[in-house]
Amino acid sequence: MFPKSTQSQFWMFENEAALTVVKAKTNQAYTDSHVKEAPPEAAQEHFLSEQDESDVVFYFSVKMGEFCEKFKPPMPRYVKGTAFHYFKRFYLYSSVMNYHPKEILVTAVYLACKVEEFNVSMQQFVANVQGNQERATKIILNNELLLMQELQFHLTVHNPFRAVEGFLIDIKTRCDSVHSVDSFRPEIESFLDSVFLTEACMIYAPSQIALAAIIHAASRQKQNLDSYVTESLFGEQGEEAILHIITCVRNIRVMVKNIPEPTPNIKLLCTRLEQCRNQDNNPDSLAYKRKMEELVDEEDILQQDYIPPKQARLDSDSGDSSGVRALSPRDG
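Computed from a predicted structure; not experimentally measured.

S.K.: Explanation requested: the overall build of the chain in the structure shown.
M.R.: The helix and strand tally for the chain stands at 16 helices and zero strands. For the chain, the residues scored as buried account for 46% of the 332 residues in total. Excluding contacts between residues fewer than 6 apart, the proportion of contacts in the chain whose partners are at least 24 apart in sequence is 74%.

S.K.: In this structure, what is going on with the pattern of salt bridges? I would like to understand it.
M.R.: Oppositely charged side chains can pair when the atoms bearing their charge come close. One pass over the full model with this rule turns up 14 salt bridges. Measuring nitrogen to oxygen at the nearest pair gives 2.9 Å for the salt bridge that ties E69 to K80. One end of the pair, E69, is in helix α4 (residues 50-70); the other, K80, is in helix α5 (residues 77-93), with eleven residues separating them in the sequence. A relative accessible area of 49% places E69 in the partly exposed class. Between D182 and K172 there is a salt bridge; the shortest N-O distance is 3.1 Å. With D182 in the loop between α9 (161-174) and α10 (185-195) and K172 in helix α9, this pair connects stretches of sequence that are ten residues apart.

S.K.: For this particular structure, what's the right way to read the packing of α9 against helix α11 (residues 206-220)?
M.R.: Between two packed helices, both the angle of their axes relative to each other and the distance between the axes serve to describe the pair. Taken N-terminus to C-terminus, the directions of α9 and α11 make an angle of 55°; their axes are 8 Å apart at the nearest point. Of the possible angle classes, the one that applies to α9 and α11 is oblique. In the crossing of α9 with α11, the sense of the turn from one axis to the other is right-handed. Contacts between α9 and α11 involve A163, V164, F167, L168 and I171 from the first element and P206, S207, A210, L211 and I214 from the second. Class assignment for the residues of the contact of α9 with α11 results in nine nonpolar, one polar and no charged.

S.K.: What exactly am I supposed to notice about the packing of aromatic side chains here?
M.R.: For any pair of aromatic rings, the description consists of the separation of the ring centres together with the inter-plane angle of the planes. Per the stated rule, a full pass over the model turns up 13 aromatic pairs. Between F87 and Y91 the ring centres are 5.3 Å apart and the planes differ by 75°, which places this aromatic pair in the edge-to-face class. Remark: Y91 and F87 occur in helix α5; sequence separation between them is four residues, near one turn of the helix. The same class applies to F87 as to Y91, namely buried. Aromatic ring contacts, followed pair by pair, group F67, F71, Y110, F118 and F125 into a single cluster.

Analysis parameters
- Residues numbered from 1 in each chain as written.
- Predicted model: local features only at pLDDT ≥ 70, side-chain atom pairs only at ≥ 80, totals over all residues.
- Heavy atoms only, no water.
- Helix = DSSP H or I, 4+ residues; strand = E, 2+ residues; numbered from the N terminus.
- Buried < 20%, exposed > 50% of the residue type's maximum accessible area, 1.4 Å probe, protein only.
- Contact = heavy atoms within 4.5 Å.
- Salt bridge = Lys/Arg side-chain N within 4 Å of Asp/Glu carboxyl O.
- Axes fitted to C-alpha atoms, helices over the stretch in contact; angles between N-to-C directions.
- Parallel < 35°, antiparallel > 145°, perpendicular 65-115°, else oblique.
- Left-handed = near helix turned anticlockwise from the far one by under 90°.
- Nonpolar A, V, L, I, M, F, W, Y, C, P; charged D, E, K, R; others polar.
- Phe/Tyr/Trp six-rings, centres within 6.5 Å; stacked < 30°, edge-to-face > 60°.

In structure tokens:
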């Protein structure tokens, strides 16, 4: 299942350093391609740095979590998890200066609703969006295909929630020393909410994240799962496997513990972002409107040039160059 998935093959990285390298290349690529748009005397200060971009993405990740929590009708947790995956994947290879996070955020959540079969209409969805709902609808529809393309159409996401349920059932069955396992759930849910604010989902497998959440919840309940992990789960796989899972769980818990507060400079960063963002992708800009008009004109030209095969054949048979009479019911 997971080891053969597109998530495992294309969207998992060795560590945070590997992710940092990818993001640095994305930031540099945008800066290089738009350097002519910057003031000559302050080119370096015009663009967001890699750290600035990370701060902006983190801020809007927090906002995404809040949006999903307040969503009506109540959104299943796995939909929220999938939306976070989409959002994080998108900004690996796309700069926030190219596509604003507030627009990709709602698009990622909407796409996750569709993929995970959480059936809400567009009207229901945008009712949860503050501000101009008609504008939100256009933004989502204009960005949906873009998002799927940036995801390489790898839309299936393996979340840790199913693994959590499997572990809880297994603990109830094979671990008599642990009591009131269902009381772990609030702590598990809180931990997983925090995990999605880290890079853990692109470094560790869903089962590893699930186990980390359960061990964390058990420790908060003053219960110990060491024997369950070392004997029941990995006892037959040897010390190397045990050491590996212990390291993974510890690292995931450290990542959650070290989640920073949103930067106090976020308003300044958002102001700078408006100044250096790609105006071709800004729905409020003249450049964007011109681009949309050009696309509409191209579609009109293509439709004018296209002759349906059936119509062309009938025109040829009838000798009618206009193609109107050949398709008219009166000529039947």
